[in-house]
Amino acid sequence: MISTRIMKFEALMKLVDSGEIAAARELATSYVEAQPRGFMGYLCWTYVAFFGDRDLDVANGYLEETLRWDPRCEEAIHLGVLIWAGRDDAKEKYYIEQGMRYATREAFYPYRMGLLLEKQSLKEAAIYFEKAAVLGSRDAEYVGKYAVVMDKLGQKKVAREYLKRALGLDPNHVENVRRLAQLSYEVGDFKVARDLSEQALALAPNDSEAQRLVRQAYPTRNWLVALVRRIGLFFAMLFRGRMTTAKMNTSFVIGMIIVCLPLFLISSDVAKFAIVIVFIMLLASLVLSNRIVARRQLGAAVIAKPTPTQVIDKPVIIKDEPAKVKVEKAEPIVEVRNQEVNKPLSKVQATNKKISPKIIIIPFVILGFIGFWNMANDSSNDEFFSNSDDSYEEFGDGSEEISNFTAVQDSVSEDMYEPDDALVDPFFQEEFVELMEDSDLKEQFRTGITSDFFDDGERQYIKVVDDEDKLLFIAAFQDYMLQKIYGAGWDDTDVGKSDYQAIIGLFDEEFDTGNGILDKAHLKLIQNGVANENVETQRSLIETFLDSEFQDAFFAIVENTNVKERFVSSVDFVYMNDGDYHYIQMLDGGGEVTGIAQFDNDLLIYMYGDGWGQSIDDEERYMELLDAFNVQGEEESL
């Protein structure tokens, strides 16, 4: 049924797109006559009226009739967005929301919502653009748009990574090439900026923006021009918005004058000399920049008067060989320097004042250090373009798995759930349906938030947390399908709990958390087990995380109602490592200490506190640990 519908609709689309409007009308009329109470004929009339006749009001009338017979028709909802785009924001938003409700895996709808909200709040729009970039992770337009929004929000590193990913999807997307060229220039990666601006110019030879990017980045081939602009970037915090060459040069002058000010404490003549050198460097870089751009012969064909019939078949940019620019600076620079520095000096001052060579070297050392430090950033990015075919293949960050997990979350309804073979592994579907029958597990799954992602080479794992960043469970994927869920209540078999510990350990090692995340997770699982009223279930949940020598004592102590209530009511954990053991201070909702847990090799080996201590030594050790936690807290507050 679905395939027949698609075939009918595609047949009509071809007629409209090829300009055969009359034939398309006849075909749409035949569909209506064949099924007057069906949606297909009215959907086809909607398409004909919108794309063929360009009559938006008529198209909207047919659209409403289509949705009357099928409120979930995705094609009609899509057309609804297009019909009202730019005409009525409220109606466009309505159709977008319907699309996000019934077509949860389509990137088009969150993308359109982002465009709609972009006029009001860029931060709110960024949420939808991010979702569009995840769902449409193979579409350069969606990924590139999210990068632009991140750039506007000041997240240049994120923007740059997403633009690289977008170019990996479509290296010939001119707009994304230009965006990454400008962003690379603004962060001082001049080598990358030059390569990308040349690429943009090759793709669109007559594009004025591409020519501007080449004029902007091409002169940085010269070391002096690049040095001046990099130093300018170092001091460019004074400016906001797009970082232009003029802002870089201005920042260079202001920043270097600030650097030279301390020299007035040593010698005013040395300070003045250093400032003159700064201006000479700026002047030389400007002269060199203009000369290099002139040699590049940019915009020659564009400046010529165009005629109505003129057709430009070849690029207007005449490419010269990248010859090394020879800077003739000896005579003019020495001449200007002598005029500026020496003219106020008298004969006595010139002969009696001695300037230490070390003092003269100071500003040049500062300049050299800043310049080479920034050059290191440029060289670190050269590898990105060294192999253009493979340069974008290293950005696998689990976006496909996270997208599929979100789709499964959205598909889990309040009443019934039928797994999608493309999202859930067929061998896991039956078990997953049974798990979703548990209301607590179902709520965890529906409200969970994806956190860290890890790939062990065979399977991919997503850590899912609650809104307080506490671990709920870990979802395992293979071939982009949900294959297994690990966590308390999800798989309480010995093998499941063992695998769960091992996976948490992998996350701990991969992300170098080093803050007791594994011990805290185990303590949380022990709490859940103690809260269970069934003694046998309680033991099966807990003993995996208890040291064998402490198990009997632990179960005997938690039989005390007061101890058990304090243990279960602990909601906050503070971690400490003394080099031998790991300790976790347990606090209730009021911030009162309810006990201290001691771990070794990820197992609970002892407890200290009221009702836990079995001897005077335990009480003394408990007080020592309390003091140690207090000292740690004071140090962290400082």
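- As annotated in an unreviewed UniProt entry, the protein carries the name Tetratricopeptide repeat protein and is attributed to Listeria weihenstephanensis.

Some points on the UniProt feature "repeat: TPR" (unreviewed entry) in the protein
Okay, step 1: Per the UniProt entry, the sites bearing "repeat: TPR" (unreviewed entry) are residues 140–173 and 174–207 in this numbering.
Okay, step 2: Counted over residues 140–173, helix gives 79% and strand 0%. Its end C-alpha atoms are 8 Å apart.
Okay, step 3: Between the end C-alpha atoms of residues 174–207 the distance is 10 Å, and the span holds 79% helix and 0% strand.

Some thoughts on the sheet that holds strand 6 (residues 582–587)
Okay, step 1: Within the open sheet, the four strands sit side by side as 5-6-7-8. Their pairing is antiparallel. With partners counted over all chains shown, the strands left at the sheet margins are strand 5 (572–577) and strand 8 (603–608), one partner each. Geometrically, the sheet is characterised by an average inter-axis angle of 25 degrees between neighbouring strands, direction not taken into account.
Okay, step 2: One ladder, built from five bridges, connects strand 7 (residues 593–600) with strand 8; its direction is antiparallel. Paired with Phe599 across the strands is Leu604, a residue of strand 8.
Okay, step 3: Against the sheet, helix 29 (residues 616–637) contacts strand 5, strand 6, strand 7 and strand 8, and its axis sits at roughly 95 degrees relative to strand 5.

Concerning the side chain of Ser184
Okay, step 1: As for its position among the elements, Ser184 is in helix 11 (residues 174–186).
Okay, step 2: Here Ser184 is in contact with Arg160, Asp189, Val192, Ala193 and Leu196, once residues within four sequence places are set aside.

A word on helix 4 (residues 56–69)
Okay, step 1: The end-to-end C-alpha distance of helix 4 is 20 Å, a good match for the 20 Å that 14 residues give at a rise of 1.5 Å each.
Okay, step 2: If you check which residues of helix 4 are buried, you get Ala59, Asn60, Leu63, Thr66 and Leu67. The arc that holds every buried residue of helix 4, seen down its axis, measures 120 degrees, which confines them to one face. More than 90 degrees from the buried face of helix 4, the exposed residues found are Asp57 and Arg68.
Okay, step 3: On the buried face of helix 4, the contacting elements are helix 3 (40–52), helix 5 (74–84) and helix 6 (89–102).
Okay, step 4: Its side-chain oxygen placed 3.4 Å from the backbone nitrogen of Asp57, Asp55 serves as the N-cap of helix 4.

Thoughts on unusual backbone geometry
Okay, step 1: At Arg54, a residue that is not glycine, the phi angle is positive and equals roughly 60 degrees.
Okay, step 2: Following the sequence through the fold, Arg54 ends up in the loop between helix 3 and helix 4.
Okay, step 3: Of note, the phi angle at Asp479 is positive, near 55 degrees, even though the residue is not glycine.
Okay, step 4: Looking at the secondary structure, you find Asp479 in the loop between strand 3 (471–478) and strand 4 (481–486).
Okay, step 5: Residue class for Asp479 comes out exposed when judged on its relative accessible area of 62%.

Quick notes on the UniProt feature "transmembrane region" (unreviewed entry) in the protein
Okay, step 1: According to UniProt, the feature "transmembrane region" (unreviewed entry) maps to residues 251–267, 273–293 and 359–376 in the numbering used here.
Okay, step 2: Structurally, residues 251–267 comprises 59% helix and 0% strand, and the distance from its first C-alpha atom to its last is 24 Å.
Okay, step 3: Overall, residues 273–293 shows 100% helix and 0% strand. The separation of its end C-alpha atoms is 30 Å.

Here is what the cut-offs are and how they apply
- Residues numbered from 1 in each chain as written.
- Predicted model: local features only at pLDDT ≥ 70, side-chain atom pairs only at ≥ 80, totals over all residues.
- Heavy atoms only, no water.
- UniProt positions renumbered as here; feature names shortened; annotations may be inferred.
- Helix = DSSP H or I, 4+ residues; strand = E, 2+ residues; numbered from the N terminus.
- Pairing = 2+ DSSP bridges.
- Axes fitted to C-alpha atoms, helices over the stretch in contact; angles between N-to-C directions.
- Contact = heavy atoms within 4.5 Å.
- Expected span 1.5 Å × (residues − 1).
- Buried < 20%, exposed > 50% of the residue type's maximum accessible area, 1.4 Å probe, protein only.
- Arc of directions from axis to C-beta.
- Polar contact = N/O pair within 3.5 Å; in protein donor to acceptor, adjacent residues only side chain to side chain.

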